[in-house]
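Here are the chains, one letter per residue:
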Amino acid sequence: MAPESSMSAPRTWPAIAVDALPEVDETITALPWPARRRLAEAWIGRARGELGASAIFSHLVGGLLQRGSDPELVWLASKAVSDELRHTEICRHLASAYAGEPVAWPECPPVSAPAYGRASPRFTTTLHVVHSCCLSETIGAAYLQGCLAPATGALVRAGLRALLRDEINHARIGWGYLGDPRFDAEERRELARALPLLLEHVRTRWRTRPPGWTDPVEGHGCMMRARTREVVDEAIVTLVLPGLDHVGVDTADARRYLQRLGVRVDEPAEPGAS
Ligand SMILES: [Fe+2]
Ligand SMILES: [Fe+2]
């Protein structure tokens, strides 16, 4: 017999992770089975992604500690490791509701230690924080907000809200890091130069779907591919770039990069303009 951990979530999960989630959602049971199966696949895919996010934050905590970062940020990042585990269980719970039976706890996708070309260990941590928190988590929160709007079912809304609440805090780790005086002028300049590559990576990741992907039914926590692309670029233009401007990172290269791709983004502000 396979060990329980390979087949299901630990027994303690319901009490600490999903006890606030409704057991019944009539918008799910009203769906035809092919749509339910497709949504179950999408939610278990998201569960796998959440597990990967936990592994990413575990690397990030080590980098923050090595760098001597603000203890509050280290604590928030440490908490994010367990938040993402809880998100995995929330998504697995949703997947099970759509599947009509318990879905297995997912395997963690491969996550390697952060590496950004020849960046020093210290600057690697900066790039990792910006990449994971200021970009990925900020965009992730915008995506969840976009998924929440058309969702009417009690379970899916409760699940999305639980994820969203934490992802907003995970994004704040990045903004807090960039607002810390330990993030100095030289690093600001280096980060400004690195932004186009970071944006390219994040946009590609959000635009890529597994082979054979079909969009699931709307209103159940998943967004159509075309709308996802719009939401990602909107989040970059309206949240990420202004956030970087606010903490004094020059976004001119990033804006020009996006303009070349046809993204509608304002010209960089003239130096000294207010
Ligand atoms: Fe998450
Ligand atoms: Fe997160």
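Quick caveat, the model's predicted, so the values are computed rather than measured. Sequence order as written defines the numbering, with residues in each chain counted from 1. As they are written, the chains are lettered A onward and the ligands numbered 1 onward, keeping that order. Whole-chain, interface and lining totals are the exception, using all residues; otherwise, since this is a predicted model, local features are given only for residues with pLDDT of at least 70 and side-chain atom pairs are given and counted only at 80 or more.

Notes on the nonpolar core
The following threshold applies: Here a nonpolar core is just a set of buried residues of the types Ala, Val, Leu, Ile, Met, Phe, Trp, Tyr and Cys, joined wherever their C-beta atoms sit within 7 Å. Between the buried cut of 20 or more and the exposed cut of 12 or fewer other C-beta atoms within 10 Å of a residue's own C-beta lies the partly exposed class, and all C-beta atoms are placed from the backbone. Helical segments are the DSSP runs of H or I of at least four residues, strand segments are the runs of E of at least two, and each set is numbered from the N terminus. The contact criterion used here is simple: two residues whose C-beta atoms, placed from the backbone, lie within 7 Å are in contact.
Counting residues in each nonpolar core, the largest one holds 65 residues, and the members touching the most others are Trp43, Leu94, Ala95 and Ile139. Broken down by secondary-structure element, the contributors of at least two residues to this core are helix 4 (33-67), helix 5 (71-99), helix 6 (121-148), helix 7 (154-179), helix 8 (185-207), helix 9 (225-246) and helix 10 (252-260). In contact with tryptophan 43, other than residues within four places in its own chain, are Cys91, Leu94, Ala95, Tyr98 and Gly221.

Some words on helix 10
Since the α-helix advances by 3.6 residues per turn, residues separated by three or four positions end up pointing in the same direction. Threshold: Here the arc refers to the directions that run from the helix axis out to each C-beta atom.
Listed as buried for helix 10 are Ala254, Arg255 and Leu258. The arc that holds the buried residues of helix 10, viewed along the axis, is 100 degrees, so those residues lie on one side. Close packing links the buried residues of helix 10 with helix 8 and helix 9. Of the residues flanking the end of helix 10, it is glycine 262, one or two places downstream, whose phi is positive at about 90 degrees.

With respect to the packing of helix 8 against helix 10
When two helices pack together, their arrangement is given by the angle between the helix axes and by the axis-to-axis distance. Going by this rule: Interaxial angle, 0 to 180 degrees, is taken between N-to-C directions of lines fitted to C-alpha atoms, where a helix line uses only the stretch in contact. Note on convention: the crossing is left-handed when the near helix lies turned anticlockwise from the far helix by less than a right angle, right-handed when the turn is clockwise. Throughout this entry, Asp, Glu, Lys and Arg are counted as charged residues, while Ala, Val, Leu, Ile, Met, Phe, Trp, Tyr, Cys and Pro are counted as nonpolar. The remaining residues, Gly among them, count as polar.
The geometry of helix 8 relative to helix 10 is characterised by a closest axis approach of 7 Å and an angle of 30 degrees between their N-to-C directions. Crossing of helix 8 against helix 10: the hand is right-handed. Contacts from Ala192, Arg193, Leu195, Pro196 and Leu199 in helix 8 reach Asp253, Ala254, Tyr257 and Leu258 in helix 10. For the contact of helix 8 with helix 10, a count of residues per class yields seven nonpolar, no polar and two charged.

With respect to the packing of helix 8 against helix 9
The line we're drawing: Our angle categories are set so that under 35 degrees counts as roughly parallel, over 145 as roughly antiparallel, 65 to 115 as roughly perpendicular, and the remainder as oblique.
It is at 9 Å that the axes of helix 8 and helix 9 come closest, and there the two elements cross at 155 degrees. It follows that helix 8 is roughly antiparallel to helix 9 by the angle criterion. Where helix 8 crosses over helix 9, the two elements pack in a sense that is right-handed. On helix 9, the residues that touch Leu199, Arg203, Trp206 and Arg207 of helix 8 are Thr228, Arg229, Val232 and Ile236. Counted by class, the contact of helix 8 with helix 9 contains four nonpolar, one polar and three charged residues.

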